[in-house]
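Chain residues, written in single-letter form:
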Amino acid sequence: MNPLPTTTLSQLTPAQIVAELDYYIIGQDDAKRAVAIALRNRWRRQQVQGDLRDEIYPNNIILIGPTGVGKTELARRLANLAGAPFVKVEASKYTEVGYVGRDVESMVRDLVDVAVAKVRAEYMDTLKENLNASVEEQLLDILAPKPTMIDTLDEETAPTRKELKTKLDRYREERTAKRELLRDGALEDETIEIDVEEHSQPLMQIFSAQGMEEMGINLPDIVNGGETRRRRRTCTIAEAREILMEEEFENRIDMDRVIREATRRTENLGIIFLDEIDKIAASADTSESGPDVSRSGVQRDILPVVEGTTVTTKYGPVRTDHVLFIAAGAFTNVKPSDLIPELQGRFPIRVEMDRLGAEEFLRILTEPRNALIKQYVALLETEGVHLSFTRDALKEIAATAYEVNEKTEDIGARRLHTILSTLLDDLLFEAPTVKKKHVSITQGRVRKRLDDIVEDEDLSRFIL
């Protein structure tokens with residue numbers, strides 16, 4: 001088995017991490033710096049020698065800010081950037097022990113699942129060239145099967161040397177021709193029959209103190225004494241290639257080694273983004289009596305996971321001592337100080353995220369790599385419609401989004417989605433049949449479409 005690929009975290013300095021986040025998130029410099037330092041510290045700890053390494057614990061972070069300012073987007077981009085096991089979970093979906101719902105340790109199991117899938121995919125990439133060659137030969141065996149060589153003592157029926165040579169030459173020519181067609185993609189829709197392994201795996205779910213853990217016990221395999229069952233399946237060559245590729249990979253991979261590497265990455269590099277943490281905080285004047293799940297009870301359950309504990313997973317025990325937790329919440333009706341003191345102490349770094357104004361909205365529309373304007377331009381290009389916006393039109397859209405946020409609920413940059421979808425509604429509907437293929441959105445057009453809605457506050461609440 002070849003060496004498993006390593007993560008790219010060591011190649012990124014804090015400044016480079018911030019620069020990468022700048023491509024997608026406008027402003028919020030303090031939050032970017034905090035997560036950049038936390039990420040770099042993951043690598044720094046790995047370089048420390050001796051027992052001191054185990055004593056260096058991550059500084060967990062709380063991001064505080066209203067909805068739509070970039071907390072979730074920061075998490076998404078961090079996942080792509082970190083090159084480490086990363087999972088984003090909602091704190092509000094967990095329940096106190098003794099109630100129906102997900103237990104808090106399931107977030108660690110989710111993290112290990114992500115790590116295993118990531119390491120497995122990386123290893124598959126290292127084998128891809130060899131796998132493609134092997135699968136190609138299997139497909140050729142189906143498309144151009146090797147001729148049966150008759151070896152018999154009966155001289156009257158035995159093939160002559162010349163006949164054998166002719167047969168073999170024809171077979172080689174046919175195989176070469178099919179190989180070229182395969183590589184050119186000319187046979188992708190052709191139907192063939194292949195033998196595939198059956199994957200009927202009713203999972204036996206085990207109830208334990210750690211919660212409901214899928215152990216992956218295959219009952220048919222137990223009944224059949226571990227014998228693999230195969231069945232005939234008709235599919236296209238494109239589908240067959242994927243099936244054979246997966247089977248070939250399963251035959252070559254050392255899953256024990258993959259699991260060991262995934263567990264190591266989870267324990268040393270894992271990141272859990274705990275969103276909506278304010279939903280489990282309870283203010284002093286909030287009563288928690290009655291049958292409802294207590295918020296402080298959920299916090300008490302989360303505390304040992306954040307502090308460091310051993311969680312039982314289907315891949316084995318996993319320690320959470322060095323998992324980095326990044327929490328986020330709007331904290332509109334509660335404050336971070338409303339969390340239980342023990343949990344507050346486990347999140348020593350707090351970052352206030354800024355509200356977004358018209359200037360930030362203008363930058364969000366155009367600067368990020370995935371800017372909304374670029375998305376709509378690309379969508380309409382597929383219909384042959386060339387969409388453009390004047391600078392004044394973009395300023396008007398940004399100002400309108402800010403104004404509506406001030407008059408109604410402040411939903412941050414998400415307001416831009418509703419503004420643009422309303423503005424371009426007619427064009428998006430008529431694009432397939434519109435005769436004018438070059439459309440320019442001007443300031444006047446924006447005002448004409450949106451002014452009446454903005455002025456009517458009740459209407460803007462429902463439409464914008």
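Quantities reported herein were computed from a predicted structural model and do not represent experimental measurements.

Conventions and cut-offs
- Residues numbered from 1 in each chain as written.
- Predicted model: local features only at pLDDT ≥ 70, side-chain atom pairs only at ≥ 80, totals over all residues.
- Heavy atoms only, no water.
- Helix = DSSP H or I, 4+ residues; strand = E, 2+ residues; numbered from the N terminus.
- Buried < 20%, exposed > 50% of the residue type's maximum accessible area, 1.4 Å probe, protein only.
- Contact = heavy atoms within 4.5 Å.
- Areas by Shrake-Rupley, 256 points an atom, 1.4 Å probe, with all protein chains shown as cover.
- Core = buried A, V, L, I, M, F, W, Y, C linked by side-chain atoms within 4.5 Å.
- Arc of directions from axis to C-beta.
- Axes fitted to C-alpha atoms, helices over the stretch in contact; angles between N-to-C directions.
- Parallel < 35°, antiparallel > 145°, perpendicular 65-115°, else oblique.
- Left-handed = near helix turned anticlockwise from the far one by under 90°.
- Nonpolar A, V, L, I, M, F, W, Y, C, P; charged D, E, K, R; others polar.

**Student:** How should the overall build of the protein chain be read in this particular structure?
**Tutor:** Along the backbone of the protein chain there are 18 helices and 13 strands. For the protein chain, the residues scored as buried account for 42% of the 464 residues in total. Considering only residue pairs separated by 6 or more positions, the protein chain has 77% of its internal contacts joining residues 24 or more positions apart. For the protein chain, the exposed area adds up to about 25600 Å²; of that, 48% sits on carbon and sulfur atoms.

**Student:** Teacher, can you tell me more about the nonpolar core here?
**Tutor:** Taken as a class, soluble globular proteins show a tendency for nonpolar side chains to be buried jointly. Core analysis: the largest hydrophobic core is formed by 61 residues, its most contacted members being L63, I326, L387, F389, I397, L420 and I441. Beyond its immediate chain neighbours, meaning those up to four positions away, L63 contacts A31, K71, L74, F273, I326, A327, A328, G329, V351 and M353. With 57 residues, the next largest nonpolar core counts Y94, L143, L303 and I340 among its residues.

**Student:** Can you walk me through the environment of Q46 in this structure?
**Tutor:** Relative to the elements of secondary structure, Q46 occurs in helix α2 (residues 29–47). For Q46, a relative accessible area of 19% puts it in the buried group. With near-sequence residues (within four places) excluded, Q46 lies in contact with R53, R264 and N268.

**Student:** Help me understand helix α12 (residues 358–366) in this model?
**Tutor:** In an α-helix, one turn spans 3.6 residues, which is why side chains three or four residues apart end up on the same side. Listing the buried residues of α12 in full gives F361, L362, I364 and L365. Taken down its axis, α12 places every buried residue within 165 degrees of arc, on the same side. Here the buried face of α12 lies against α13 (372–381), α14 (391–407) and α15 (414–423).

**Student:** In this structure, what is going on with the packing of α12 against α14? I would like to understand it.
**Tutor:** Pairs of packed helices are described in terms of their axes, by the angle between the two and the distance that separates them. At a minimum axis separation of 8 Å, α12 and α14 run at an interaxial angle of 125 degrees. One way to sum up the angle between α12 and α14 is to call them oblique. Of the two elements, α12 crosses α14, and the hand of that crossing is right-handed. Where α12 abuts α14, its residues A358, F361, L362, L365 and T366 lie against R391, L394, K395, I397, A398, A399, A401, Y402 and N405. Grouping the amino acids of the contact of α12 with α14 by side-chain chemistry returns 10 nonpolar, two polar and two charged.

Honestly, it's all geometry; don't read function into it.
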